[in-house]
Amino acid sequence: MEGPTTASLLRRINRAAVLEVLRRESPIARTQIARRVHLSLPTVMRIIDELKEEGLVREEGKSEPTRGRRRSLLAFNGEGYAVIGVDMGGTKMFGGVANLNGDVLYEKYTHPGTSSPEESVERLCDLLAELIDAAEETGLPIRGIGIGAPGVTLHEEGIVVWAPSLGWRDLPLQQILADRFPFPIFVENDVNLAALGEMGFGAGQGARDLVCIAVGTGIGAGIIVGGALYRGHHEAAGEVGYLLPGTQFLGRRYNGFGALESLASGTGVAERARKVLAERGMLPSNGKITAQEVFAAARRGEDWAQQVVDETVDYLALAIASVSAVLDPEVVVLGGGVARSADLLIEPIRRRLEGVVPYVPRLAASPLGRRAALMGAVMLVLNVTMESFVVRRLP
């Protein structure tokens, strides 16, 4: 399969730039768009005509008179399409339907429990069927489906190379889903989707260089450089769960979760807490404790929990310092389940970073929460389908 030509790539970039200005600054005149994107007015007018034909842009009245003339204004037609997004996880699955404005029209959050790799695919298909029904009920055409997989993912082929929390290896997920559902389907790393969501609708709006670090069952990062996802040579960029917190972690083999994940993920926090409580003879009789319970205990001032939280802050600060030194992002967004306790993490991390790296990035908790990947699916589907798009409906 041949890649895009230089001309088609430039055309896609120009269309995306025009649409992004419309998305952010509607209503706006054609001449203003041309100035924003540094393109000629005829080029912008041609792109606008294409976008209007596609149903992404509409006329929005007239502006106030300028030099005796009223200019017609354009607006992004965010209500014109529906997008379906699913965030897969080892212990949860969240899916939703949203329009292109990011308005959530339907959502479903499930805790499916443990299952085989095959069963997890079937659960995903069941959820997609429900979401498609919900999208059809809105009356909006479905522009596409974005799936976030928790692991190394080849986005062009839609193959999940390795998702340890689901037991998926070299799974051709895009093809499996395309055989069942008649819509454009895109498979992406889940934290990459979250990063796109934060750039489009969350804490990273307006930023061109950002990193979204999701701390949940595992730890991963989505990296955006110059407004575009950075995936790396093997599409494994952002696997920060494999960062080494110290020299004692060298010389080992990490076939599943990485060294940092074993300490600072939700699972890692709970495991360290169990050890501390066991040493103090305070472990619950069932031997179970969750990361959320650890953070709750820290808020109550229990010293054992504060010890675990302080260590977690140290580990995350080391990771963010490494990311900042290499990438110099404008903003680092903390997401995932553990980030719900960002009030106990962000300021202590910032203090630890002062003077450690040349520039401390802005640190922010995700305002999107579990919807981050859904919002990212909106951005992904909109961007990827910009070159050519055919509205598809269920027969």
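Residues numbered from 1 in each chain as written. Predicted model: local features only at pLDDT ≥ 70, side-chain atom pairs only at ≥ 80, totals over all residues. Heavy atoms only, no water.

A few words now on the sheet that holds strand β10 (residues 168-171). In space, the three strands of this open sheet follow the order β8-β9-β10, with antiparallel pairing throughout. Edge positions in the sheet fall to β8 (152-154) and β10, since each has one partner strand and no second. Recorded for the sheet is a direction-independent mean angle of 15 degrees between the axes of neighbouring strands. Pairing analysis gives three bridges linking β8 to strand β9 (residues 159-163), with the strands arranged antiparallel. Residue pairing for β9: V152 is matched across the bridge by W162. (Pairing = 2+ DSSP bridges. Helix = DSSP H or I, 4+ residues; strand = E, 2+ residues; numbered from the N terminus. Axes fitted to C-alpha atoms, helices over the stretch in contact; angles between N-to-C directions.)

On to helix α4 (residues 117-138), then. In this model α4 runs 32 Å from its N-terminal to its C-terminal C-alpha over 22 residues, within 8% of the 32 Å that 1.5 Å per residue would give. Three or more residues of α4 are buried, namely S120, V121, R123, L124, C125, L127, L128, L131, I132, A134 and A135. Where α4 is buried, its residues touch β4 (82-88), β5 (93-99), β6 (104-110), β7 (142-149), β10 and α5 (173-178). At the C-terminal side of α4, G139 shows a positive phi close to 80 degrees. (Expected span 1.5 Å × (residues − 1). Buried < 20%, exposed > 50% of the residue type's maximum accessible area, 1.4 Å probe, protein only. Contact = heavy atoms within 4.5 Å.)

Following the criterion strictly, the structure yields one aromatic pair and no others. Seen from the ring of F201, R23 lies directly overhead, with NZ or CZ sitting 4.9 Å from the centre. Just above the ring of W162 sits the side chain of R169; from NZ or CZ to the centre is 3.7 Å. (Phe/Tyr/Trp six-rings, centres within 6.5 Å; stacked < 30°, edge-to-face > 60°. Lys NZ or Arg CZ within 6 Å of the ring centre and 35° of its normal.)

Keep in mind that low pLDDT regions are not for reading the predicted coordinates in detail. Chain-level statistics for the protein give a pLDDT mean of 90 and a share of 93% at 70 or above. In the predicted structure, residues 388-395 sits below a pLDDT of 50 and forms 16 contacts with residues beyond four places in sequence or in another chain. (pLDDT = per-residue confidence, 0-100.)

Right, let's talk about the sheet that holds β7 for a bit. On the basis of which strands lie adjacent, the open sheet formed by five strands has the order β6-β5-β4-β7-β11 and mixed pairing. Strand pairing shows two members of the sheet lacking a second neighbour, β6 and β11 (185-189), which therefore form its edges. The sheet shows a mean angle of 15 degrees between the axes of neighbouring strands, taken without regard to direction. Taken together, the six bridges between β4 and β7 define a ladder with parallel strand orientation. Paired with A82 across the strands is I142, a residue of β7.

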